[in-house]
Structure formats: structure tokens, C-alpha cells
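Letter by letter, the chains look like this.
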Amino acid sequence: MIASVFGEDVKTFFTYGSHDRNEEGGGGFLCGPAELNACWLYGVSFCQMRFTDDAQRAASDPPYDGIDVSEPTGACAETAAACFLDWCAALTDRKPVLVMSHMPLHANRPDNRGAAVWCDALNRAAKRRDILVFFAHNHSSEHVSDVDRLYYYVPAGGVLPVQGREKEDRAVTRIGFHYLNAGYILNGCGTLLRFSDGAVTVRRFAAEPAETAFGNTGYASPLTIPLNHCRL
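Criteria and thresholds
- Residues numbered from 1 in each chain as written.
- Predicted model: local features only at pLDDT ≥ 70, side-chain atom pairs only at ≥ 80, totals over all residues.
- Heavy atoms only, no water.
- 1 Å grid on protein atoms, 1.4 Å probe; cavity = no way out; pocket = protein on both sides within 12 Å on 5 of 7 lines; lining within 4 Å.
- Points joined across faces, edges and corners; volume = space filled by probe spheres on them.
- Nonpolar A, V, L, I, M, F, W, Y, C, P; charged D, E, K, R; others polar.
- Buried < 20%, exposed > 50% of the residue type's maximum accessible area, 1.4 Å probe, protein only.
- Helix = DSSP H or I, 4+ residues; strand = E, 2+ residues; numbered from the N terminus.
- Pairing = 2+ DSSP bridges.
- Contact = heavy atoms within 4.5 Å.
- Axes fitted to C-alpha atoms, helices over the stretch in contact; angles between N-to-C directions.
- Patch = residues over 30% accessible without salt bridge, like charges linked within 9 Å, V, L, I, M, F, W, Y side chains within 5 Å.
- Areas by Shrake-Rupley, 256 points an atom, 1.4 Å probe, with all protein chains shown as cover.
- Salt bridge = Lys/Arg side-chain N within 4 Å of Asp/Glu carboxyl O.
- Parallel < 35°, antiparallel > 145°, perpendicular 65-115°, else oblique.

K.L.:
What's the story with the layout of surface pockets in this structure? I'm lost.
P.N.:
Empty space among the atoms can be located by rolling a probe the size of a water molecule over them. The volume enclosed by the second largest pocket comes to roughly 300 Å³. Contributing to the lining of the second largest pocket are 16 residues, with R50, F51, S60, D61 and P62 lying nearest its centre. Tallied by class, the residues present in the lining of the second largest pocket amount to 6 nonpolar, 3 polar and 7 charged.

What follows is the structure, given as C-alpha cells:
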């Protein structure tokens, strides 16, 4: 579908979600880094955000059987976030990093129990590099609550109620990275980025104009975000 619009030469990346179970095989999804001209992409797989550590994953009931358990960057937040920090530390350029995670960091549906580990790692990486984190997943609960729409865009320096290891754990945390909703294919809305020297412009688009805003944040689309650590 994407190739029919943009052509076969346009690179397309997907991060794994549980509804993608066994459809394409592990090689069909981005987990870890991919370099583009203007930025780096970094894929966070489903189980890497769902579970804090391997013990929590092993104790899950029913047992977790997603194909992403075999990813070399790990099958839980503790392992995967450590790999992310090692990768960031080894970079020699100043390009921004776009982190793509199927699951969010903020607390609402308590199934993202690796979020606090990732938030700490992302804050550490953001001290030396521009980081933009994109999430999806939570659209299935938006018909009963607007909680998720409050976090469609949170700028660096803002705060998030971050999900902790246990379902009842959440902590309001100041973030050093930009946090955005990537959009939902099912709902027909998405996000387009355009890079320029020292900034990135983010535009929401959708079939329904009401969805082009950044949820209930009060931020209008398009939005220009300065890249303080980057010179393209």
C-alpha cells in the first residue's frame, strides 16, 4: 500500500505490535537502529516496553509468545534500554534520533511496564542528543477516556505520568525528549516530519480535520521543534 503511493524506492519501517503476531517474521520489523539522511530511527519492540525485566516476562500469564522475544537487543526494557544507551554513546554524528515504540511511556493502560526504565534511558540520552519519541497502541481506550490525547505532544522539559514496573505504579516525571503520538492507521491519522537546519516541523494529517491537532494538548499543527544538539 505504501509503495503504491510513494514508489518502491521509499524505505518503509514497521515496529512490532502484538497484533502483528507471526505475520511477517522477525526480519520484517525494525528493532534497533536504522540510519536515514536527516536522522536515526530506533525501533522499540513490543515486549521491550511491555516487560520491565526477563523475570516479569517469564511470569506473564498467559505466557508471552510474540516473535520479538528473539531480538538481539533483548526481550525486556532493562536489556533493550541498555543496548540503546550503548548505541547512543558510540555515535559520532549529531543527527537527532526518532524512537518508534508501539507502546507508550505514559500511564493509562498498565500494560507498558517497562516505561520507567525506558524513560530514564531516554532522559540520559537526551542530555547529549535530540530525541523524539513516538507512540501508538492506546487508541482502543480513547472512546472511554481522553487521557491519551493529553499526551499527543509533550515538549522536552514537560512532564509525563510514567508507568512503573507494577500496574499501580506511576510517577510524574520531567522528560528531556519530545514525546509525540505517531498516529493510528485504523483511525486514519498520522504524522509527517520535515527536517531543516536546526529544526523539525511536525504535521498531523488525517481524513477528518478534527484529528489534525495534537489531541487535547492545545498545540496546533504544524509544529516546529528546535533541534538544540543537531546541525544538519
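K.L.:
Help me out: how do you make sense of the pairing of strand β2 (residues 40-44) in this one?
P.N.:
The two faces of a sheet get side chains in turn, since along a regular strand they alternate between them. Burial analysis of β2 places 5 of its 5 residues in the buried class, the great majority of the element. Here β2 shows two buried faces, one formed by W40, Y42 and V44 and the other by L41 and G43. Where strand β1 (residues 32-35) and β2 come together, 4 bridges link them in antiparallel fashion. Across the sheet, the residue bridging to G32 is G43, located in β2. Linking β1 back to β2 in an antiparallel pair, the connection comprises 4 residues. As paired elements, β2 and strand β3 (residues 97-101) share 5 bridges and run parallel to each other.

K.L.:
Which parts of the structure should I look at to understand the sheet that holds strand β4 (residues 131-135)?
P.N.:
Sheet strands associate in pairs through backbone hydrogen bonding, adopting either a parallel or an antiparallel arrangement. Strand order in the open sheet formed by 6 strands is β1-β2-β3-β4-β8-β5, and the pairing between neighbours is mixed. Edge positions in the sheet fall to β1 and β5 (153-154), since each has one partner strand and no second. Here helix α4 (residues 77-90) sits on the sheet in contact with β1, β2, β3 and β4, set at roughly 165 degrees to β2.

K.L.:
Looking at this structure, I do not really get a nonpolar patch on the surface. What am I missing?
P.N.:
The grouping of V5, F6 and V10 at the surface amounts to a nonpolar patch, some 320 Å² of accessible area in total. Considering the arrangement of structural elements, one finds V5 in helix α1 (residues 2-6).

K.L.:
Please clarify how the packing of α4 against helix α5 (residues 115-125) should be interpreted in this entry.
P.N.:
In a packed pair of helices, the relevant descriptors are the angle between the two axes and the axis-to-axis distance. At a closest axis distance of 9 Å, the pairing of α4 and α5 adopts a crossing angle of 10 degrees. By the angle class used here, α4 and α5 are roughly parallel. For the pair α4 and α5, contact is made by A77, E78, A80, A81, F84, L85 and C88 and by V117, W118, A121, L122, R124 and A125, respectively.

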